[in-house]
Amino acid sequence: MNEFRRHEAYVHVDGVVFDVKIDGFARQARAVHGDVVACLVDDEGEWERLMGEEGSAVGEEDEEGDDVESGGGGDDDAEASGRTVEDLSEACRRGLRPTGIVVGVLQPSEKRSKMVGKLEVRGMDPGSGTPMMSFTPVDPRLPRSRVTAFNLPREVKALLREAEDEDEARKALEDVFVSVKVRKWSKGETSPMVDVIDIVGRGSIDSDLDTMTQVILAEHNIESGDFSEEAKACLPEVDTGENWKIPSSEFDVRTDFRKKLIFSIDPPTARDLDDALSVEVLPDGSLNVGVHIADVSHFVRPNTVLDAEARKRGTTTYLVHTIFPMLPRMLCEYLCSLNPGVDSLSFSVVWKMRRDGKVSAYSFKRGVIRRAAKCAYIHVQNVLEAE
């Protein structure tokens, strides 16, 4: 969905240069941003001519004067009617954008089960005296929705209990962010009916840092809680103040890089130091360049509880003021952090590189490293500028 022009949507087709444009709510057929859909492509004569930066049509050829017309017509157009990927691609190369209509949802978007936004009071029901509400999502690509007052969670009902008129109801829900799920979207309706799941937070998203953080976490399904005790039990036991010792059996199956000059380059405040670099000048003048990544696989075994929880998180999420790690902090900041002077397990790749930058050989190895220094970007930049 186009966040600035909600009536415009685009369907990506693998192998086609331009996305298929779906223009108009009726043509979107109640699809939601992120849905995998089936669409019927219009005849080529209905497609858009794309314009370049100088106002000329994309794909036009001025040298011979044989500009490509924007419309259809002729047997060639009938044959290349946009019904195959090859036909679509050929038309795109001539400066045309395919258009079409959604005919079905093949795989519903995860957003249907959770959208985050605010409730807005549109008036009071004259019969029941309860507020009539709509839902406005934080993400403008998602549909505004209808909300029934009879299916609200207890927390929202409590906020509205003392509201006697529309103004009081509107004030009660001011700066309240909720999560909702689509209950139904009937044919002929311009917006879906949603059920409110719970309250995400209260406060101004522009000035309240805690509220803004909660909205971001809820909207993107970011896991922010602690790891379970079962996941933590997958880690080795290390007493406070003691260093974890690499098992002697690991030295039998790994390359020992500890005598190499290895260093890391990170922001000065970085705590999870998960990669390092080594450079060695060989007698023939070529270089051995090594990149050493913390070997997390030694600690996170496949199909364990820790593996499952890490997969669910997917990645470490960095916000301006905090982070939400993919792995327990004991791993990120200690066991898998390549701290100076400490023996660490690595997965390493070493390139043999000529002075002109050409790689003549490479190898992948599990290793043991001992980093000599923790460098910040400014340190390395000062060295380069000094040269």
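All values derive from a computational prediction rather than experimental measurement.

The helix and strand tally for the protein stands at 11 helices and 20 strands. For the protein, with 387 residues in total, the buried portion stands at 38%. Restricting to contacts in the protein with at least 6 residues of sequence separation, those with at least 24 account for 63%. By element, 50% of the accessible surface of the protein is carried by carbon and sulfur atoms, the whole surface being about 22,900 Å².

Taken in spatial order, the five strands line up as β7-β8-β9-β11-β10 and close into a barrel, and their pairing is mixed. The mean angle between the axes of side-by-side strands here comes to 50 degrees, regardless of whether they run parallel or antiparallel. Where strand β8 (residues 131–137) lies against strand β9 (residues 145–147), three bridges are found, and the strand directions are antiparallel. Paired with F135 across the bridge in β9 is S145.

Residues I293, F347, V359, Y362 and F364 make up a contiguous nonpolar surface patch of about 510 Å² in total accessible area. Residue contributions to the nonpolar patch peak at three residues, all from strand β19 (residues 359–370). By secondary structure assignment, the location of I293 is in strand β15 (residues 287–294).

Let us look at the packing of aromatic side chains. Aromatic rings considered in pairs are described by the distance between their centres and by the relative angle of their planes. Considering all chains together, one arrives at two aromatic pairs under this definition. Judged by centre distance (5.9 Å) and plane angle (80 degrees), the rings of Y362 and F364 are edge-to-face. Against the face of F227 rests R313, its NZ or CZ located 3.8 Å from the ring centre.

Let's shift gears to helix α9 (residues 305–313). Of the positions making up α9, those classed as buried are L306, D307, A310 and R313. For α9, the buried positions fall inside an angular range of 125 degrees around the axis, keeping them on one side. Along α9, exposed side chains directed more than 90 degrees from the buried face belong to R311 and K312. In this structure, the buried side of α9 is in contact with α7 (229–232) and α10 (329–335).

Let us now look at the sheet that holds strand β18 (residues 343–353). Judged by pairing direction, the sheet is mixed, and its seven strands sit side by side in the order β12-β19-β18-β15-β14-β13-β20 without closing on themselves. Of all strands in the sheet, those bounded by a partner on one side alone are β12 (255–256) and β20 (373–376). When strand β13 (residues 262–266) meets β20, the two strands line up parallel, connected through four bridges. Bridge pairing in β20 links I265 to C375. On the sheet, helix α11 (residues 377–386) packs against β13 and β20 and is oriented at approximately 80 degrees with respect to β20.

Residues with a pLDDT of 70 or more make up 90% of the protein, whose mean pLDDT is 84. The lowest-confidence element of the protein is helix α2 (residues 74–79), averaging 39 in pLDDT; the highest-confidence one is β12, averaging 94. Note that residues 60–82 has pLDDT below 50 and, in this model, 27 contacts with residues that lie over four places away or in other chains.

Our next topic: the pattern of salt bridges. Summed over all chains, the structure comprises 28 salt bridges. Across the salt bridge formed by E8 and R5, the nearest N and O atoms sit 3.2 Å from each other. Residue R5 is classed as partly exposed on the basis of its relative accessible area, which comes to 46%. Close ionic contact of D175 with K118 constitutes a salt bridge, the shortest N to O distance being 3.5 Å. Residue D175 is found in the loop between α5 (166–172) and β10 (176–184), and its partner K118 is found in strand β7 (residues 115–124); the two are separated by 57 residues along the sequence. Within the structure, one salt-bridge network assembled from shared partners comprises R5, E8, K21 and E48.

What counts, and where the lines are drawn
- Residues numbered from 1 in each chain as written.
- Predicted model: local features only at pLDDT ≥ 70, side-chain atom pairs only at ≥ 80, totals over all residues.
- Heavy atoms only, no water.
- Helix = DSSP H or I, 4+ residues; strand = E, 2+ residues; numbered from the N terminus.
- Buried < 20%, exposed > 50% of the residue type's maximum accessible area, 1.4 Å probe, protein only.
- Contact = heavy atoms within 4.5 Å.
- Areas by Shrake-Rupley, 256 points an atom, 1.4 Å probe, with all protein chains shown as cover.
- Pairing = 2+ DSSP bridges.
- Axes fitted to C-alpha atoms, helices over the stretch in contact; angles between N-to-C directions.
- Patch = residues over 30% accessible without salt bridge, like charges linked within 9 Å, V, L, I, M, F, W, Y side chains within 5 Å.
- Salt bridge = Lys/Arg side-chain N within 4 Å of Asp/Glu carboxyl O.
- Phe/Tyr/Trp six-rings, centres within 6.5 Å; stacked < 30°, edge-to-face > 60°.
- Lys NZ or Arg CZ within 6 Å of the ring centre and 35° of its normal.
- Arc of directions from axis to C-beta.
- pLDDT = per-residue confidence, 0-100.

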